[in-house]
Amino acid sequence: MKKVTAVALVLIATLLTTAGSTASGSRSKSYDVESVELQIPSRGIQIPATVVTPVGKKHERFPLVLIHHGHGGGRNENGGLARVADALGEAGIASIRVDFAGAGDSTEPFTKLSYTTMLADSNAALVWAVRNLPVDKRRIGGFGYSEGSAVVAMQAGQPFTPYRAVALLGPVANPRQLFDVFFGGNFDAYYAEAQANGYAVVTTPFGQVQNTSLEWFQETIAADPAGDISHFEGRVMLLWGEDEQIIPFSQVEAFQAATAESAKRTMTVTIPNADHGYGFYSDQPDVDAALHSALVQFFKRAL
């Protein structure tokens, strides 16, 4: 899996350096935004995507942030990630986000979800964006929520990563450890079921019933986001909710330790009153405002 990912990132790095770029103008102004729903090619199929871009002057180029949703959540996360994308767009930062297999408007079953497919779809979104959007190809960032944070961390640590900065919300540094807690200590039992049947019927703490593939279990065991991001030399922001009930702070600490010697700078932001939903699944305008402010300030400075 990592060999394939590295090759994909070399391709992306080539795309990023083959065209000139123009830095956007004033980074303090507020922009109108355009949101477009589309399908983009990945893995021989079409995957759902949403692009949000600032409305700028002719030839104006903007930073780009790739947004990654959580486990089974979908690219909108009940509207929460759509609001994040709008906040970034109004600050002059373009974004693209996709539905991973089995989530949102995806036409694939959940059994297609794995780190291999998530990484492939994220890379496909980046390729599409740099070819089709008015973005500054030298100013690319990644934002991941929950399981999406693990995907971003894995990408950030690869050779030729396109990212200059990454923000990890409810960060997952050790997926095997985290999902054992998430599954109520039943990870091994579900894994055994997947080994016997090709997938396991998993019920999450949020009541979702997910047919989870053997490949997902195998890759979750092998995944090492903290180890991968230890090679990243850009800027890192770790965001954690004051009322987090899913992600223990030890996951944040693992990322802090992993990036202490490599990253240009690592900052940790605690969001008051935020649980693992981070305002996406509740009416908490204060949480929304704190999250949006942290992300906008971080990416404006880091990109």
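Residues numbered from 1 in each chain as written. Predicted model: local features only at pLDDT ≥ 70, side-chain atom pairs only at ≥ 80, totals over all residues. Heavy atoms only, no water.

This part covers the packing of helix H5 (residues 175-182) against helix H7 (residues 214-222). At a minimum axis separation of 7 Å, H5 and H7 run at an interaxial angle of 125°. Of the possible angle classes, the one that applies to H5 and H7 is oblique. The residues of H7 that touch H5, namely those facing Pro 175, Arg 176 and Phe 179, are Trp 216, Thr 220 and Ile 221. Of the residues contributing to the contact of H5 with H7, the split by class is four nonpolar, one polar and one charged. (Axes fitted to C-alpha atoms, helices over the stretch in contact; angles between N-to-C directions. Helix = DSSP H or I, 4+ residues; strand = E, 2+ residues; numbered from the N terminus. Parallel < 35°, antiparallel > 145°, perpendicular 65-115°, else oblique. Contact = heavy atoms within 4.5 Å. Nonpolar A, V, L, I, M, F, W, Y, C, P; charged D, E, K, R; others polar.)

Two side chains of opposite charge can pair, provided their charged atoms sit close to one another. Tallied over the entire structure, the rule returns nine salt bridges. For the salt bridge of Glu 108 with Arg 43, the shortest nitrogen-to-oxygen distance reads 2.7 Å. Within this pair, whereas Glu 108 is found in the loop between strand E4 (94-98) and helix H3 (115-132), its partner Arg 43 is found in the loop between strand E1 (33-42) and strand E2 (45-54), the two being separated by 65 residues in sequence. Under the relative-accessibility criterion, Glu 108 is labelled buried at 15%. (Salt bridge = Lys/Arg side-chain N within 4 Å of Asp/Glu carboxyl O. Buried < 20%, exposed > 50% of the residue type's maximum accessible area, 1.4 Å probe, protein only.)

Under the definition given, this model contains 19 aromatic pairs. Ring geometry for Trp 240 and Phe 249: centres 5.0 Å apart, planes at 70°, overall edge-to-face. Judged by relative accessible area, which is 15%, Trp 240 ranks as buried. Lys 29 extends its terminal NZ or CZ atom over the ring of Tyr 31, reaching a point 4.7 Å from the ring centre. (Phe/Tyr/Trp six-rings, centres within 6.5 Å; stacked < 30°, edge-to-face > 60°. Lys NZ or Arg CZ within 6 Å of the ring centre and 35° of its normal.)

Now for H7. Here H7 has its buried residues at Trp 216, Phe 217, Glu 219 and Thr 220. Packed against the buried residues of H7 are H3, helix H4 (147-156), H5, helix H6 (187-197), strand E7 (199-203) and strand E8 (209-213).

Judged by side-chain polarity, Tyr 199, Val 201 and Val 209 come together as a nonpolar surface patch covering roughly 250 Å² of accessible area. Looking at where Val 201 falls in the secondary structure, it is placed in strand E7. (Patch = residues over 30% accessible without salt bridge, like charges linked within 9 Å, V, L, I, M, F, W, Y side chains within 5 Å. Areas by Shrake-Rupley, 256 points an atom, 1.4 Å probe, with all protein chains shown as cover.)

Now for the nonpolar core. Core analysis: the largest hydrophobic core is formed by 91 residues, its most contacted members being Leu 64, Phe 143, Phe 217, Ile 229, Leu 239 and Phe 299. For this core, the element with the most residues is helix H10 (residues 285-302), which contributes eight residues. With residues up to four places along the chain from it excluded, the contact list for Phe 217 reads Phe 183, Phe 187, Tyr 190, Tyr 191, Ala 194, Ala 200, Val 202 and Thr 212. (Core = buried A, V, L, I, M, F, W, Y, C linked by side-chain atoms within 4.5 Å.)

Following the sequence through the fold, Asn 123 ends up in helix H3. Given the relative accessible area of 8%, Asn 123 is considered buried. Side-chain polar atoms of Asn 123 contact the side chain of Gln 155, separated by 3.4 Å. (Polar contact = N/O pair within 3.5 Å; in protein donor to acceptor, adjacent residues only side chain to side chain.)

So, about the side chain of Ser 262. Among the structural elements, Ser 262 can be located in the loop between helix H9 (249-259) and strand E10 (265-271). Given the relative accessible area of 18%, Ser 262 is considered buried. Within polar-contact distance, the side chain of Ser 262 engages the backbone oxygen of Ser 230 at 2.8 Å. With residues up to four places along the chain from it excluded, the contact list for Ser 262 reads Ile 229, Ser 230, His 231, Phe 232 and Glu 233.

With that settled, the discussion passes to the sheet that holds E4. With mixed pairing, eight strands are arranged side by side in an open sheet as E1-E2-E4-E3-E5-E6-E9-E10. Two strands lie at the open edges of the sheet, namely E1 and E10, each paired on one side alone. For this sheet the average axis-to-axis angle between neighbouring strands, irrespective of direction, equals 20°. Sheet analysis places E2 next to E4, joined by four bridges and oriented antiparallel. By the bridge assignment, Thr 50 is partnered in E4 with Arg 97. Across the face of the sheet, helix H2 (residues 80-90) comes into contact with E1, E2, strand E3 (62-68), E4 and strand E5 (135-145) while running at roughly 170° to E3. Contacts between H4 and the sheet are confined to E3, E5 and strand E6 (163-169), with E6 contributing the most and set at about 155° to the helix. (Pairing = 2+ DSSP bridges.)

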